[in-house]
Each structure stands twice: as structure tokens, then as C-alpha cells.
Amino acid sequence: MDASANRNKSVSLSTIFLTIFIDMLGVGIVIPVIPALFFDAETTIFDPAFPESSRSILYGLLIASYPFMQFFGAPVLGALSDRYGRKPMLSASLVGTFIGYLLFGYAILSKNLVLLFISRMLPGFTGGNIAIILSAVSDVSTPETRVKNFGLVGTAFGLGFILGPAIGGILADAKLISWFNHATPFWFTAIITFVNLLLVQWVMGETHPESARNQHRRVSFFSGFKNLATSFQLPNLRVIFTVILFWSLGFTFYTQFFSVYLIQRFGITESAIGLLFGWIGIWLSLTQGLLVRRLSAKVSSTAIISVSLLALSLSLALILLPASIFWFYVVTPLIAIAFGMTSPNMTSLVSTQAGPERQGEILGINQSMQSIGQMIPPVLGGYFNTLDGRLPLATSAVLVFISWLFFVFLFRKRKTVTDRQ
């Protein structure tokens with residue numbers, strides 16, 4: 001019986017790995033494409049006379065529309081997965097993502113700005129699948145394997161980012177194949193999302209048994225606001241959610257405006273951006289596939305984050321120094337390693353605070369905090385970028401540094417005192 005249970009867990013983990021890999025491959029593919037639609041003079045969907053400052057504001061709003069809708073959708077899907085199981089809710093989220101990618105490709109061809117926004121908002125609402133996936137990982141994890149398994153998810157995330165941006169840059173380059181255009185990556189992403197949906201339906205087993213489900217979990221479209229209030233009412237989670245908020249704010253400034261910085265300052269192509277992000281993904285994957293798995297058995301999550309958050313802040317500051325593309329290949333691995341050490345350990349800290357019946361709820365709150373952290377930077381960064389293209393990246397480093405201060409001087413200190421009592 002135990003052998004059978006272990007085999008089922010192994011199959012579930014393997015399926016989850018493939019699911020998040022395909023999911024992140026789709027996310028990575030669009031990274032070099034969307035900035036080019038707004039800032040590359042040769043490929044923009046805007047009239048040449050349209051002011052670049054206005055494009056910057058609209059770019060920020062478009063990027064923010066996804067986490068804005070995720071703020072409402074993620075806690076709903078998380079709560080429903082506690083109630084009805086992980087598998088049906090993950091399937092529903094993938095259907096919305098599939099439709100969204102199809103609409104976005106059509107919006108590019110038709111140069112329809114309104115449809116661009118709609119096609120990002122739909123998968124934003126249904127794209128709360130990360131909370132469901134993390135809940136499924138937690139379902140099949142023990143306290144001893146939790147960080148290691150979250151590191152496995154991070155490896156899939158990294159592998160998706162190795163291939164995704166490179167594929168996106170190539171598929172958008174008409175110089176390689178005449179019928180390639182900026183909609184092509186989205187058609188491809190829709191196809192692999194559909195494959196992902198089939199995998200979940202036919203291969204993935206349900207990780208959340210009926211005996212552990214909470215049939216009385218209340219579901220509301222405004223749970224995101226409730227989550228914000230709840231996050232500051234839970235004594236054991238209040239500080240760590242504050243850390244997550246500032247960490248997400250800071251890192252989102254980097255992820256959403258690094259490509260913009262490269263296009264505006266260095267004039268590099270989508271395919272070059274894709275290769276650079278693929279390089280980052282290699283280091284992220286190595287970190288979470290090797291370092292995290294080895295350190296999790298020897299060093300506590302608290303000790304790791306105390307170092308990795310500070311290292312992330314400092315490495316983000318270094319991104320402003322290179323004067324040539326070559327040096328970005330030297331600096332960006334530092335960011336990947338620091339982020340790769342932080343992410344699974346942060347998720348593990350949050351997960352350990354919730355019982356089996358509240359995994360979806362607590363990780364849904366975690367996703368809400370990250371959604372807020374991903375929602376605000378694009379709006380502010382779009383304005384900051386009109387003032388100075390370096391300002392969004394400088395803000396990134398400062399906010400991550402603030403998250404480190406909160407972690408070391410509030411969370412870690414409080415945890416030490418609690419452990420002694």
C-alpha cells in the first residue's frame with residue numbers, strides 16, 4: 001500500500017513538472033514579443049507619430065491587466081480547488097489561457113488595442129493555476145520533501161524560461177521564415193497550452209482526496225480584498241506576506257522593464273532578448289534543480305532567504321552597469337541564482353503555516369500578494385520609463401532590499417523569539 005502511494009505521488013509530481021514546464025514555456029515565449037509591439041520602431045503596432053511616452057504608459061497598463069485580473073481569479077480558483085479538487089480547477093484555468101492566447105494573436109494582426117487588453121485579462125483571471133499547482137505539490141509532499149519538491153517546480157519554471165523566450169524571439173522573426181510574425185508565438189503558445197490541458201485531463205491524478213476537502217469553503221470574486229485583510233490578521237503570516245509583497249514589487253519592475261531597457265538603450269532584437277532570457281533560465285534551472293535540492297536538507301529556508309534576498313537586491317543594482325550586451329551575460333546569472341534560491345524557500349515558508357485543508361486558501365492569499373506585487377510596477381514603471389529608462393530597474397533593487405530588511409529584522413527576529421518560547 002505504501003509502495004503504491006509513493007508510486008502515485010511520483011506520477012503526480014512528474015505530471016505537475018510537465019504541466020508547469022509547458023505553462024511556463026508559454027509565459028516565456030511572450031517575454032521578448034510584447035515589448036517589441038510597443039517600443040521597436042520596425043515592429044510596433046502603433047502609428048510612428050504616436051508618442052513613445054504614451055506607448056510606455058499603455059504598455060504598463062497592458063502588463064498590469066494580467067495580474068489585476070489574477071488578483072480576483074487566483075483566490076477563487078485556490079478556494080475551489082480546496083472544495084472540488086486540484087484537477088478540475090487546473091483544467092478550467094488552462095481553457096481560459098488557451099482562449100486568451102488565440103485572441104492575443106488575432107489582436108496583433110488586427111492591431112486592435114482594446115482586444116489586446118481583453119485577451120490578457122481573460123487568462124489573467126483564469127491564470128491562477130500557480131496557486132493550484134503549488135497546492136498539488138504540497139498535497140504530495142512531506143515536511144522533509146517540501147522544499148525539494150518546490151525546487152522541482154522551480155526547475156520546471158527555469159526550463160520553460162530557457163526555451164520559451166528563445167522560441168518566442170525566433171517565431172516572431174520574419175527574417176528567418178517569411179510567414180513568421182509577432183502573432184506566430186501566440187499561435188504556438190495556444191497549441192502547447194492545449195497539449196497541457198490534455199496532459200492534465202489524461203495523465204494527472206487528483207492529489208487532493210475528498211476526505212481532505214473543505215466543502216464549506218466560501219468562494220467570492222472579491223476574495224482578493226479579503227485575502228489582503230486576512231494576510232495582515234494572521235500573526236504567523238503577517239510579516240512574511242509583507243516580505244513577499246515588496247519582493248514581488250521589486251522583481252516585477254525587473255522582469256517587465258528589462259526588455260524595454262534593452263530595446264531602448266541598446267536596440268537589440270527580440271531574438272537577442274530571447275537568447276539572453278534563455279541564458280538566465282539555464283542558471284535559474286541549475287539553481288533550483290541542484291543547489292536548492294542539496295541545500296534544503298542541510299540549511300533552513302529562513303537562513304537561505306536571509307542571504308538570497310540581499311544577494312538579489314545587489315545583483316539587480318548591478319544590471320544598470322553594463323555598457324555592452326556581453327556584460328549582461330555576466331551579471332544576469334547572479335540574479336537567476338539569487339531568485340532561484342529565494343522563490344521555493346519562500347513558498348515553503350508560507351506552505352508550512354497551513355494545514356492540508358487550507359493549502360489552497362493560504363497559497364491563494366500568497367498569490368494575491370504576488371498579484372498586487374505584479375500589478376503596481378507596470379503602471380508606475382510605465383511612467384518612470386518616460387522620465388528615465390533606468391529608473392524602473394533602480395526601483396527594483398531598492399524594493400527587494402526593503403523586503404530583505406523586513407525579513408531579517410522582523411520575520412527572522414520574531415521567528416527566533418517564537419522558537420525559543
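Rules used in this analysis
- Residues numbered from 1 in each chain as written.
- Predicted model: local features only at pLDDT ≥ 70, side-chain atom pairs only at ≥ 80, totals over all residues.
- Heavy atoms only, no water.
- Helix = DSSP H or I, 4+ residues; strand = E, 2+ residues; numbered from the N terminus.
- Expected span 1.5 Å × (residues − 1).
- Buried < 20%, exposed > 50% of the residue type's maximum accessible area, 1.4 Å probe, protein only.
- Axes fitted to C-alpha atoms, helices over the stretch in contact; angles between N-to-C directions.
- Parallel < 35°, antiparallel > 145°, perpendicular 65-115°, else oblique.
- Left-handed = near helix turned anticlockwise from the far one by under 90°.
- Contact = heavy atoms within 4.5 Å.
- Nonpolar A, V, L, I, M, F, W, Y, C, P; charged D, E, K, R; others polar.
- Core = buried A, V, L, I, M, F, W, Y, C linked by side-chain atoms within 4.5 Å.
- Salt bridge = Lys/Arg side-chain N within 4 Å of Asp/Glu carboxyl O.
- Phe/Tyr/Trp six-rings, centres within 6.5 Å; stacked < 30°, edge-to-face > 60°.
- Lys NZ or Arg CZ within 6 Å of the ring centre and 35° of its normal.

### Details of helix H8 (residues 184-202)
With 19 residues, H8 ought to run about 27 Å at 1.5 Å a step, and its terminal C-alpha atoms sit 27 Å apart, in line with that. Along H8, the positions that sit buried rather than exposed are Thr184, Pro185, Phe186, Thr189, Ala190, Ile192, Thr193, Asn196, Leu197, Leu199 and Val200.

### A word on the packing of helix H7 (residues 146-171) against helix H13 (residues 325-351)
It is at 9 Å that the axes of H7 and H13 come closest, and there the two elements cross at 135 degrees. In terms of orientation, H7 and H13 fall into the oblique class. Note on packing geometry: the crossing formed by H7 with H13 is right-handed. Residues Arg146, Val147, Phe150 and Gly151 of H7 lie in contact with H13, whose contacting residues are Pro344, Asn345, Thr347, Ser348 and Ser351. Tallied by class, the residues present in the contact of H7 with H13 amount to 3 nonpolar, 5 polar and 1 charged.

### Points about the nonpolar core
One finds Ile34, Phe38, Ile240, Phe258, Leu309 and Leu312 to be the most contacted residues of the largest nonpolar core, which totals 104 residues. Top contributing element to this core by residue count: helix H10 (residues 238-266), with 17 residues.

### Digging into the pattern of salt bridges
The final tally for this structure, using the stated rule, is 1 salt bridge. One salt bridge in this structure joins arginine 390 and aspartate 388, with 2.9 Å as the shortest N-O distance.

### Digging into the environment of valine 30
Mapping valine 30 onto the fold places it in the loop between helix H1 (2-29) and helix H2 (33-39). Valine 30 sits 159 residues away from threonine 189 along the chain, and the two C-alpha atoms are 8.6 Å apart. Setting aside anything within four residues of it in sequence, one finds valine 30 in contact with Pro35, Tyr101 and Phe186.

### Points about the side chain of serine 315
Mapped onto the secondary structure, serine 315 falls in helix H12 (residues 301-318). Each residue touching serine 315, except ones within four places of it in the same chain, is listed here: Val331, Leu334, Ile335 and Ala338.

### A few points about the packing of H12 against H13
At a closest axis distance of 8 Å, the pairing of H12 and H13 adopts a crossing angle of 145 degrees. Where H12 crosses over H13, the two elements pack in a sense that is left-handed. Contacts between H12 and H13 pair Ser301, Thr302, Ile304, Ile305, Ser308, Leu309, Ala311, Leu312, Ser315, Leu316 and Leu318 from the former with Val331, Leu334, Ile335, Ala338, Phe339, Met341, Thr342, Asn345, Met346, Ser348 and Leu349 from the latter. Broken down by class, the residue content of the contact of H12 with H13 amounts to 15 nonpolar, 7 polar and no charged.

### Regarding the packing of aromatic side chains
Applying the stated criterion to the full structure yields 28 aromatic pairs. A network of ring pairs unites the aromatic residues Trp247, Phe251, Tyr254, Phe258, Tyr261, Phe266, Phe277, Phe328 and Phe339 as a single cluster. The positively charged end of arginine 120 is found above the aromatic ring belonging to phenylalanine 104, 6.0 Å away from the centroid.

Nothing here speaks to function; it is all geometry.
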